[in-house]
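Fold and geometry: a report
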Amino acid sequence: MDDASLCQLIREALHSPEKAETLALAIDQLPEVKRYLGQGWMPYYDEALPVTERDVKRNINKFPQNYRLNLETTDCKIPSDAGNVRKKFISWVKMILSRDCHDVKRGQKNRPKTVSLSDPAGINQGGTIEDTIPDTQGLNSLEILLRKEELQENQEQQKELKRLIESLVCHPNGYPHCTCYELIQRRLLKTPPQQWREIETELQIPYGTVTAHWNRKCKQRLEEISKNSSNK
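Quantities reported herein were computed from a predicted structural model and do not represent experimental measurements.

1. Some thoughts on the packing of helix α11 (residues 180–189) against helix α12 (residues 196–203)
Running from N to C, α11 and α12 point in directions that differ by 135°, and their axes come no closer than 11 Å. Judged by the inter-axis angle, α11 sits oblique to α12. Viewed along their axes, α11 and α12 form a crossing whose handedness is right-handed. When α11 is examined against α12, the residues Glu-182, Leu-183, Arg-186 and Arg-187 are found in contact with a partner set consisting of Trp-196, Ile-199, Glu-202 and Leu-203. Residues of the contact of α11 with α12, tallied by class, amount to 4 nonpolar, no polar and 4 charged.

Next up, the structure:
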């Protein structure tokens, strides 16, 4: 996105929630942002980005105040003015994204062990977590795991595991086709894994919505299943 286009989008975002969302999603297309992070913070980028996008969308009106910009009188067609707005907007985004990456890094240290689909599933007959995720959709196929657990002595743990597996069909409001099960197939079971932008296009769901659902719901479900299985 060139300086003039970005400058104009920022101006419009001050008065339009829709434009503010468009601006937030454009962050991932600004090469200066990733160059600033460098390799050290890139492992946390995908998880931090949806949070940064949300913060930019919610707080865009604070941007001109923080940098003493009068965007109402700024002429985005003048290269020097548009360039100045871009430079300061990038600095603002970098500050927010750096904070969010730091929060992700700190949070990962306190999380349960990250689930791996090659980890043992805790089933009497053996197998891995990947084996418990069926090839077909729907709860009926997910109950394959429960049939493998028929000899499990602890019935309460079996019921809890059933609840967690069924939770894989949770989805964002308005997007019933974007279940955790569907995202697991695309992100973890495909070779190579699908990128978020591909998933956004194929499922027709906003980038921020699908990544937020993955980070807030799906990863938690997998961690709970792994923890439940390892405790047996």
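2. Concerning the pattern of salt bridges
According to the stated counting rule, one finds 12 salt bridges in the structure shown. Between Arg-86 and Asp-3 there is a salt bridge, with its nearest N and O atoms 3.4 Å apart. In this pair, Arg-86 is assigned in helix α6 (residues 79–109) and Asp-3 in helix α1 (residues 3–13), connecting sequence segments 83 residues apart. Note on Arg-86: relative accessible area 10%, which makes it buried. Of the residues examined, Asp-3 reaches a relative accessible area of 30% and is grouped as partly exposed. Between Glu-12 and Lys-19 there is a salt bridge, with its nearest N and O atoms 3.6 Å apart. Looking at Glu-12, the relative accessible area reads 29%, which means it is partly exposed. Relative accessible area serves as the criterion here: at 36%, Lys-19 is assigned to the partly exposed category. Among the charged side chains, a salt-bridge network with shared partners connects Arg-54, Asp-55, Arg-99 and Asp-100.

3. Considerations on the layout of surface pockets
Each pocket or cavity is described by its volume, and for the largest pocket that value is around 500 Å³. Taken together, 21 residues line the largest pocket, and the ones lying closest to its centre are Pro-50, Val-51, Gly-208, Ala-212 and Arg-216. Among the secondary structure elements, those contributing two or more residues to the lining of the largest pocket are α2 (17–26), α4 (45–59) and α13 (207–230). Counting residues per element, the lining of the largest pocket draws most heavily on α13, at 8 residues.

4. Observations concerning the nonpolar core
Counting 49 residues, the largest nonpolar core has Ile-10, Leu-23, Ile-60, Phe-63, Phe-89, Trp-92 and Leu-183 as the members making the most contacts within it. The set of elements that each furnish at least two residues to this core consists of α1, α2, α3 (31–41), α4, α6, α11, α12 and α13. The element that contributes the greatest number of residues to this core is α6, accounting for 10 residues. Residues contacting Ile-10, with those up to four places away along its chain left out, are Leu-23, Ile-60, Phe-63, Leu-71, Val-85 and Phe-89.

5. Overview of the packing of aromatic side chains
Counted according to the given criterion, the structure contains 5 aromatic pairs. On the numbers, 5.4 Å between centres and 35° between planes, the contact of Phe-63 with Trp-92 is tilted. Remark: Trp-92 occurs in helix α6 and Phe-63 occurs in helix α5 (residues 62–66); sequence separation between them is 29 residues. With respect to burial, Phe-63 and Trp-92 carry one shared label: buried. Look at Phe-89 and Trp-92: their rings are 6.0 Å apart centre to centre, the planes differ by 50°, and that puts the pair in the tilted class. Here Phe-89 pairs with Trp-92, and both are found in helix α6, just 3 residues apart, close to one helical turn.

Conventions we followed
Residues numbered from 1 in each chain as written. Predicted model: local features only at pLDDT ≥ 70, side-chain atom pairs only at ≥ 80, totals over all residues. Heavy atoms only, no water. Axes fitted to C-alpha atoms, helices over the stretch in contact; angles between N-to-C directions. Helix = DSSP H or I, 4+ residues; strand = E, 2+ residues; numbered from the N terminus. Parallel < 35°, antiparallel > 145°, perpendicular 65-115°, else oblique. Left-handed = near helix turned anticlockwise from the far one by under 90°. Contact = heavy atoms within 4.5 Å. Nonpolar A, V, L, I, M, F, W, Y, C, P; charged D, E, K, R; others polar. Salt bridge = Lys/Arg side-chain N within 4 Å of Asp/Glu carboxyl O. Buried < 20%, exposed > 50% of the residue type's maximum accessible area, 1.4 Å probe, protein only. 1 Å grid on protein atoms, 1.4 Å probe; cavity = no way out; pocket = protein on both sides within 12 Å on 5 of 7 lines; lining within 4 Å. Points joined across faces, edges and corners; volume = space filled by probe spheres on them. Core = buried A, V, L, I, M, F, W, Y, C linked by side-chain atoms within 4.5 Å. Phe/Tyr/Trp six-rings, centres within 6.5 Å; stacked < 30°, edge-to-face > 60°.

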